[in-house]
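Next come the chains, spelled out residue by residue.
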Amino acid sequence: MNDRAHQEEVRNLARKTERADGLDILADVVPGGGKSRLPGILLQAFPDLNLMWFAPRISLLDQAARSLKNDFGIEVMESTNVTNPRRGTRGVVASHQTLASNPELWARELERAKYLLVFDELHHAKINRDGTQTPLTRAVSLLKPSARLLMTGTLKTNDNSFIFGVPYKETASGHELNLESFNGTVIRYSRKKALAEGAIVPIEFHHHDGPVEWENLNGINNITLSEASRDEESQALCTALRVGVADKLLDNCLCHWRKHGTKLLVVCMDQSSARKYAKILTALGIRCGLAISDENGSIDQINQFRNGSTECLVTCQIAYEGLDVPAITHIACLTHIRSEPWIEQMLARSWRSMEGKTRCYAFVPDDPKMNRLIELLRKEQDSVIPLTTTREGGTGPASDGAFAPISGDVTNVYSQFLDGTSEEDQAQKDVRELFERYGFSPNSPEASACLLALKTGGSIATSTDLTTPKEEETLLRNAICEMTRKADFSKGVPYGTHQTKLHAALGYKSITVMTRQELRHARTKAISICS
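Note that the structure is a prediction, hence the values are computed from the model and not measured.

Looking at the overall build of the chain
- Secondary structure summary: the chain contains 18 helices and 22 strands in total.
- By sequence separation, contacts in the chain at least 24 residues apart represent 74% of the contacts at least 6 residues apart.
- Carbon and sulfur atoms make up 49% of the accessible area of the chain, which amounts to about 23,100 Å² in all.

Details of the state of the cysteines
- The full count for this structure, using the stated rule, is zero disulfides.
- Just so you know, cysteine 288 is unpaired, no disulfide at all, and the nearest cysteine sulfur is the one on cysteine 312, 4.0 Å from it.

What to know about the packing of aromatic side chains
- Summed over all chains, the structure comprises two aromatic pairs.
- Here the aromatic rings of phenylalanine 162 and tyrosine 168 are separated by 4.8 Å at their centres, their planes lie at 55 degrees, and the arrangement is tilted.
- Taking the ring centre of tryptophan 351 as reference, the NZ or CZ of arginine 191 above it sits at 4.3 Å.

Describing the layout of surface pockets
- Space inside the second largest pocket adds up to approximately 440 Å³.
- Surrounding the second largest pocket, 20 residues form its lining, Leu61, Glu78, Ser79, Thr80 and Lys470 being those nearest its centre.
- Element by element, the count of residues in the lining of the second largest pocket is highest for helix H16 (residues 469-491), at five residues.
- By residue class, the composition of the lining of the second largest pocket is five nonpolar, eight polar and seven charged.

Some thoughts on the pattern of salt bridges
- The full count for this structure, using the stated rule, is 31 salt bridges.
- Put simply, glutamate 471 and arginine 66 hold a salt bridge, and the shortest N to O gap is 2.4 Å. Taken as a pair, glutamate 471 in helix H16 and arginine 66 in helix H3 (residues 58-72) lie far apart in primary sequence, 405 residues in all.
- Between lysine 69 and glutamate 75 there is a salt bridge whose closest N-O contact spans 3.7 Å.
- By relative accessible area, lysine 69 is classed as partly exposed at 23%.
- By relative accessible area, which is 26% here, glutamate 75 ends up partly exposed.
- Taken together, the shared-partner salt bridges connect Lys69, Glu75, Glu472, Arg516 and Arg520 into one network.

Concerning helix H1 (residues 5-16)
- Between its first and last C-alpha, H1 extends 17 Å over 12 residues, near the 16 Å set by a 1.5 Å rise per residue.
- Buried within H1 we find His6, Gln7, Val10, Arg11, Leu13 and Ala14. For H1, the buried positions fall inside an angular range of 160 degrees around the axis, keeping them on one side. Residues of H1 that are exposed and point more than 90 degrees away from the buried face comprise Arg15 and Lys16.
- Close packing links the buried residues of H1 with strand S1 (24-29), helix H2 (38-45) and strand S11 (185-189).

Section: the packing of H16 against helix H18 (residues 516-530)
- Here H16 crosses H18 at 15 degrees, and the two axes come no closer than 10 Å. Relative to H18, the element H16 lies roughly parallel. Handedness of the H16/H18 crossing: left-handed. Residues Pro469, Glu472, Glu473, Leu476, Arg477, Ile480, Met483, Thr484, Ala487 and Lys491 of H16 form the contact with H18, whose own contacting residues are Arg516, Leu519, Arg520, Ala522, Arg523, Ala526, Ile527, Ile529 and Cys530.

Here we look at the sheet that holds S1
- Spatial ordering of the open sheet is given by S3-S4-S2-S5-S7-S1-S11, a layout of seven strands whose pairing is parallel. Looking along the sheet, the strands with just one partner apiece sit at the ends: strand S3 (76-78) and S11. Going across the sheet, the axis of each strand differs from the next one's by a mean of 15 degrees, ignoring polarity.
- Packed on one face of the sheet, helix H5 (residues 103-112) meets strand S2 (50-55), strand S4 (91-95) and strand S5 (115-119) and runs near 160 degrees to S2.

Some thoughts on the pairing of strand S10 (residues 174-177)
- Pairing of strand S9 (residues 168-171) with S10 involves four bridges; the strand directions are antiparallel. Across the sheet, residue lysine 169 finds its bridge partner in S10, namely glutamate 176.
- Between S9 and S10, which pair antiparallel and follow one another directly, the connecting turn spans two residues.

Concerning the confidence of the model for the chain
- Residue-level pLDDT values for the chain average 84, and 85% of them are 70 or greater.
- The secondary structure element of the chain with the lowest average pLDDT is strand S20 (residues 388-391), at 40, and the one with the highest is S5, at 98.
- With pLDDT under 50 throughout, residues 437-441 is counted as low confidence; its partners more than four residues away or in other chains account for eight contacts.

The rules behind each value
- Residues numbered from 1 in each chain as written.
- Predicted model: local features only at pLDDT ≥ 70, side-chain atom pairs only at ≥ 80, totals over all residues.
- Heavy atoms only, no water.
- Helix = DSSP H or I, 4+ residues; strand = E, 2+ residues; numbered from the N terminus.
- Contact = heavy atoms within 4.5 Å.
- Areas by Shrake-Rupley, 256 points an atom, 1.4 Å probe, with all protein chains shown as cover.
- Disulfide = S-S within 2.5 Å.
- Phe/Tyr/Trp six-rings, centres within 6.5 Å; stacked < 30°, edge-to-face > 60°.
- Lys NZ or Arg CZ within 6 Å of the ring centre and 35° of its normal.
- 1 Å grid on protein atoms, 1.4 Å probe; cavity = no way out; pocket = protein on both sides within 12 Å on 5 of 7 lines; lining within 4 Å.
- Points joined across faces, edges and corners; volume = space filled by probe spheres on them.
- Nonpolar A, V, L, I, M, F, W, Y, C, P; charged D, E, K, R; others polar.
- Salt bridge = Lys/Arg side-chain N within 4 Å of Asp/Glu carboxyl O.
- Buried < 20%, exposed > 50% of the residue type's maximum accessible area, 1.4 Å probe, protein only.
- Expected span 1.5 Å × (residues − 1).
- Arc of directions from axis to C-beta.
- Axes fitted to C-alpha atoms, helices over the stretch in contact; angles between N-to-C directions.
- Parallel < 35°, antiparallel > 145°, perpendicular 65-115°, else oblique.
- Left-handed = near helix turned anticlockwise from the far one by under 90°.
- Pairing = 2+ DSSP bridges.
- pLDDT = per-residue confidence, 0-100.

In structure tokens form, the structure reads like this:
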């Protein structure tokens, strides 16, 4: 895989740096631009460094471990707050929550060995305007690594707070970024640059508009979604999402996706809505996963979506930052959230590039808040590809406050190229030809595997290749427990007899704290004891 501009910049910086001690990098990379490769590049350049990588969501830990192993041959352990978190590997990946709950443990670990500290999605570490810090910010400020890489997909916050580690300057209009005063190296990879290099693909918006009606303390309100005033925006949008506009938006998205797409991400306003739409999609015969915080197995659902077992994923926020599934071509935006960083992260799930993909699609409500955010994106890359607009039809939604949705409808839908001008869907043509060449349907697991293989150099990874150190530990522990259980049953002895014997033979060390090497030895001992 060829390096993008920011990846090459990090590689060149590493070549020019004799020792990693004191290396400090701030990487501001457009979502989908490929910042997750930066830790691997630095670890390759500095073999004496171990890795300590903190990410905002548990799903990202598995993803980081897999990408480091597959792309760089580096094994790291997904960990919680335990002693010896690396367990014989090159490093550890853990969540922001894990760090915030016990920062002293990680500070002590940094004293034991040389580490590259990677803090992913830095904008989560906030400093309030009065100078107070969030628990996460206090935790990361305690860490003193040999080298540091701060990574983020945005240097904006939705609550007027500052971002830890990012310098600001006070101006007549307020505080502004002052990256020139960062005491290290700042690496920026803009949307404009990513489009020019083909790291991301153009996105086409399908806006849905129509009348919405709701009742609040002031009486009944009846307006067209796109014409809502600032005071009406939230309730108008939430009404649209609650009274059927969302259903029509999703119907239109499904029709387009079946004709032009590979994978579909449906983003809902809450977990009950997510369950509702997951059931509807499943009933339509779509291989659909559900990833929400209240459901067990959400990480498995994300992995199934990633590896091709499912073709659609319904979620709220759990699959956001870092969900690296380049085969996503369509997003149905059924959420009321209108934070600029948050919407950009959502849209970035679809604009990641891959072989045969030249465009992606977002089906969105035609509400003023969404349109303002789209305009901000356009300003970042207008000089790359000009905007064209074509009208045909509609949909819309989102909100809060004391009000009761009454009705809503879609009477106008129009498509809008944010950064593309071609009327012909060349992306689908290229993908279809690719699939025909290999002889399988676009929605099959083999299709996703093939595209991944082409993207990574032509070899399809086996399930063994994708096993992370944490997964191998779990497999070994399960095998040992199953072996002792079966031996108890077959020999007619009380349950736990062989496990007790094994525990003694291993010097009374629990298998729950063993490294993989120790577990392999324990498995050999178990075979001998149970035979």
